Amino acid sequence: MKNKGLLAMGIALIVLFIGGCIAAYSLGQTKPQDQVKTKHAAQLPKSATSNNPNLILVNKKHPLKQELGFKKVEMNGIPVSQTIQEPLERFMHDAQSAGYPATLVSGYRSKAYQEQVFNQNYEQNVSQGMSHDQALKATKGVIQTPGSSEHETGLAVDVMTNQYWDKYHNLEAKSDQMAGQKWLIKHAPDYGFVLRYVKSPEGRKSTGIDYESWHFRYVGVENAKYMTKHRLTLEQYDQMIKDQHQN
Ligand SMILES: [Zn+2]
């Protein structure tokens, strides 16, 4: 009787041990961040694919090796990709109708032109008394190194409310204090644009670029709304799309 009792207790302990292992394993399988990732991935829009040309990622880590071949059109003398002509015209037209006329300051830039813009900003910093290293750092904070500017895709534009542009003629973050710039930032996703370089520290870490209240990037309406809703930079979105394909 005593042996049988010990045997039963031994079996019970083994069962408990195995049960505990299974429970621990299951818990390990569903970490909270995995759940979030799966939830997002399942909800990604249909057009969120790696081969969608509107989602091309261009930054310091992904510089363009050569000029992209795409049809360019001019809007008020500013070249942009034909892809964004219609949505951009509607965006700016509707801003005007809402009482906030805006200026298209910059669109497509060639790599050569980007080089010129970069060098001019650097020289300006040096002339203001910065050392070579300081000037280079300051320039890199606001201007992409040639080859890594989104403006080379023709899908990125600098748009600023006339409330600010007409007065200061300068692209500055504080333009977002104007009602007109607020309107542009709020409504951009309805036309397929996202504010590319956001204010949050995580966003800035992910893009490597300081906040720009004027730089809008076309990604299509579905993607723009999704990215804005979930506060994702294009770098983060691109990673999610890649992760989705690996699953
Ligand atoms: Zn820009």
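Residues numbered from 1 in each chain as written. Predicted model: local features only at pLDDT ≥ 70, side-chain atom pairs only at ≥ 80, totals over all residues. Heavy atoms only, no water.

Colleague: It is not clear to me how the coordination of the zinc ion should be interpreted in this structure. Could you clarify?
Modeller: In ideal tetrahedral geometry, four donors around a metal make angles of 109.5 degrees, whereas ideal octahedral geometry with six donors gives angles of 90 or 180 degrees. The zinc ion binds to the protein through H151 (NE2), D158 (OD) and H215 (ND1), with metal-donor distances spanning 2.0 to 2.1 Å. As a motif over one chain, the donors of the zinc ion read H-x6-D-x56-H. With D158 in strand β4 (residues 156-161) and H215 in strand β6 (residues 215-218), this residue pair connects regions lying 57 residues apart in the sequence. Taking the relative accessible area as the measure of exposure, H215 reaches 2% and is therefore buried. (Donors = N, O, S within 2.8 Å, 3.2 Å for Na, K, Ca; no water. Helix = DSSP H or I, 4+ residues; strand = E, 2+ residues; numbered from the N terminus. Buried < 20%, exposed > 50% of the residue type's maximum accessible area, 1.4 Å probe, protein only.)

Colleague: Explain the packing of helix α4 (residues 111-127) against helix α5 (residues 132-142) to me, please; I cannot follow it from the model alone.
Modeller: Two packed helices can be described by the angle between their axes and the distance between those axes. Relative orientation of the contacting elements α4 and α5 amounts to 135°, with a least axis distance of 9 Å. One element, α4, and the other, α5, form an angle in the oblique class. When you trace α4 past α5, the crossing you get is right-handed. Between α4 and α5, the residues in contact are F118, N121, Y122, N125 and V126 and H132, A135, L136, A138, T139, K140 and V142, respectively. Grouping the amino acids of the contact of α4 with α5 by side-chain chemistry returns 7 nonpolar, 4 polar and 1 charged. (Axes fitted to C-alpha atoms, helices over the stretch in contact; angles between N-to-C directions. Parallel < 35°, antiparallel > 145°, perpendicular 65-115°, else oblique. Left-handed = near helix turned anticlockwise from the far one by under 90°. Contact = heavy atoms within 4.5 Å. Nonpolar A, V, L, I, M, F, W, Y, C, P; charged D, E, K, R; others polar.)

Colleague: What's the story with helix α9 (residues 221-229) in this structure? I'm lost.
Modeller: Considered for burial, the residues of α9 that qualify are N223, A224, Y226 and M227. Along the axis of α9, the buried residues cluster in a sector spanning 165°; they form a single face. Phi turns positive one or two residues past the end of α9, at R231, with a value near 50°. (Arc of directions from axis to C-beta.)

Colleague: Whenever I open this one, the side chain of E150 confuses me. Can you help?
Modeller: Note on placement: E150 falls in the loop between α5 and β4. Here E150 is in contact with V58, A156, R196, Y197, H215, R217 and L234, once residues within four sequence places are set aside.

Colleague: Mind showing me how you'd approach the pattern of salt bridges here?
Modeller: For side chains of opposite charge, pairing can occur when their charged atoms come near one another. Taken as a whole, this structure holds 9 salt bridges when the rule is applied. D190 is the partner of K225 in a salt bridge, and the nearest nitrogen-oxygen pair spans 3.9 Å. Of this pair, K225 sits in helix α9 while D190 is found in the loop between α7 (179-187) and β5 (193-195), placing the two residues 35 residues apart along the sequence. The exposure class of K225 is partly exposed, given its relative accessible area of 44%. (Salt bridge = Lys/Arg side-chain N within 4 Å of Asp/Glu carboxyl O.)

Any functional reading would require information that these geometric values do not contain.
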